[in-house]
Amino acid sequence: MKAKIIDFLRQLSPFLLTIGLWRLSNTFWNPAGILAIIPLFFYSFIRPIDWFVLFSILMCIAIDYNFETVCYWLALYCLMYSVNSFQNIIDLTRMEKNGLYAFMVFFGTAVLIQVFLNITVANLLAGIWVFAWASILYVPITVLIQRIRND
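Residues numbered from 1 in each chain as written. Predicted model: local features only at pLDDT ≥ 70, side-chain atom pairs only at ≥ 80, totals over all residues. Heavy atoms only, no water.

### Remarks on the overall build of the protein
Phase 1 of the analysis: Scanning the protein from terminus to terminus reveals 6 helices and 0 strands.
Phase 2 of the analysis: Projected onto its principal axes, the C-alpha coordinates of the protein cover approximately 55 × 35 × 25 Å.
Phase 3 of the analysis: The buried share among the 151 residues of the protein stands at 41%.
Phase 4 of the analysis: Taking all contacts inside the protein whose residues are at least 6 apart in sequence as the whole, residues at least 24 apart take part in 71%.
Phase 5 of the analysis: Within the structure as shown, the protein displays about 9,000 Å² of accessible surface, and the carbon and sulfur contribution to it stands at 70%.
Phase 6 of the analysis: Here the protein contributes 9 positive and 7 negative side-chain charges, whose respective centroids are spaced 11 Å apart. (Helix = DSSP H or I, 4+ residues; strand = E, 2+ residues; numbered from the N terminus. Buried < 20%, exposed > 50% of the residue type's maximum accessible area, 1.4 Å probe, protein only. Contact = heavy atoms within 4.5 Å. Areas by Shrake-Rupley, 256 points an atom, 1.4 Å probe, with all protein chains shown as cover. Lys, Arg positive; Asp, Glu negative; His and termini not counted. Charge placed at Lys NZ, Arg CZ, Asp CG, Glu CD.)

### Quick notes on unusual backbone geometry
Phase 1 of the analysis: You will see that lysine 97, though not glycine, has its phi angle at about 55°, which is positive.
Phase 2 of the analysis: Among the structural elements, lysine 97 can be located in the loop between helix 4 (72-83) and helix 5 (100-117).
Phase 3 of the analysis: Residue lysine 97 is classed as partly exposed on the basis of its relative accessible area, which comes to 47%.

### What to know about the packing of aromatic side chains
What describes a pair of aromatic rings is the distance from one ring centre to the other and the angle between the planes of the rings.
Phase 1 of the analysis: Per the counting criterion, the structure on display carries 23 aromatic pairs.
Phase 2 of the analysis: Between phenylalanine 42 and tyrosine 138 the ring centres are 6.5 Å apart and the planes differ by 75°, which places this aromatic pair in the edge-to-face class. Of the two residues, phenylalanine 42 sits in helix 2 (residues 37-46) while tyrosine 138 sits in helix 6 (residues 121-149), which places them 96 residues apart along the sequence.
Phase 3 of the analysis: Accessibility expressed as a relative area gives 0% for tyrosine 138, which makes it buried.
Phase 4 of the analysis: Summarising the aromatic geometry, the rings of tryptophan 129 and tryptophan 133 are spaced 5.3 Å apart at their centres and angled 15° between planes, so their arrangement reads as stacked. Placement of the pair is tryptophan 129 and tryptophan 133 together in helix 6, with a separation of 4 residues, close to one helical turn.
Phase 5 of the analysis: By relative accessible area, tryptophan 129 is classed as partly exposed at 27%.
Phase 6 of the analysis: What makes tryptophan 133 partly exposed here is its relative accessible area of 22%. (Phe/Tyr/Trp six-rings, centres within 6.5 Å; stacked < 30°, edge-to-face > 60°.)

### Let's talk about the nonpolar core
What tends to happen in soluble globular proteins is that the nonpolar side chains get buried as a cluster.
Phase 1 of the analysis: The biggest cluster of nonpolar side chains holds 42 residues, and the ones touching the most others in it are Ile37, Phe41, Trp73 and Phe107.
Phase 2 of the analysis: The set of elements that each furnish at least two residues to this core consists of helix 1 (2-23), helix 2, helix 3 (52-67), helix 4, helix 5 and helix 6.
Phase 3 of the analysis: Apart from the residues lying within four places of it in its own chain, the contact partners of phenylalanine 41 are Ile46, Met80, Gly99, Ala102, Phe103, Phe106 and Tyr138. (Core = buried A, V, L, I, M, F, W, Y, C linked by side-chain atoms within 4.5 Å.)

### Concerning the side chain of arginine 149
Phase 1 of the analysis: Mapped onto the elements, arginine 149 comes out in helix 6.
Phase 2 of the analysis: Exposure remark for arginine 149: the relative accessible area of 11% places this residue in the buried category.
Phase 3 of the analysis: A polar contact of 3.3 Å, which involves the side chain of arginine 149, links it to the side chain of glutamine 11.
Phase 4 of the analysis: Residue contacts for arginine 149: discarding those within four places in its chain leaves Arg10, Gln11, Ser13, Pro14, Tyr43 and Ile49. (Polar contact = N/O pair within 3.5 Å; in protein donor to acceptor, adjacent residues only side chain to side chain.)

Encoded structure:
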């Protein structure tokens, strides 16, 4: 019985970590819970798991709610999901460093669009900070999830 509970929690860990990162929003370290994009990206595109796409759509709506944007992150996620269907060109599941470079392209494009919609020095610095912080934390978070799940 104990082994079944531990296995269940291991399978549930990406969902719980995503919700935790979204809830731990902070103006400087995790604005609007944006770090929840890391497990969303990883388990949707790099190491896909069952039912995570539907969960990701809901979490993108939650991130949009915190950011006070109308379907911005949801639209970018859906665009990435449709681009990912061209796996004969680029196979994200076989990328090294847990798909860090693909994440940086996805997240960097999203942050760059937001910065250019209202370009100020403060927004530019905030965009650079958020991009750098998320890129630095991508590998440790993905490695942590993989170790918990025994992937």
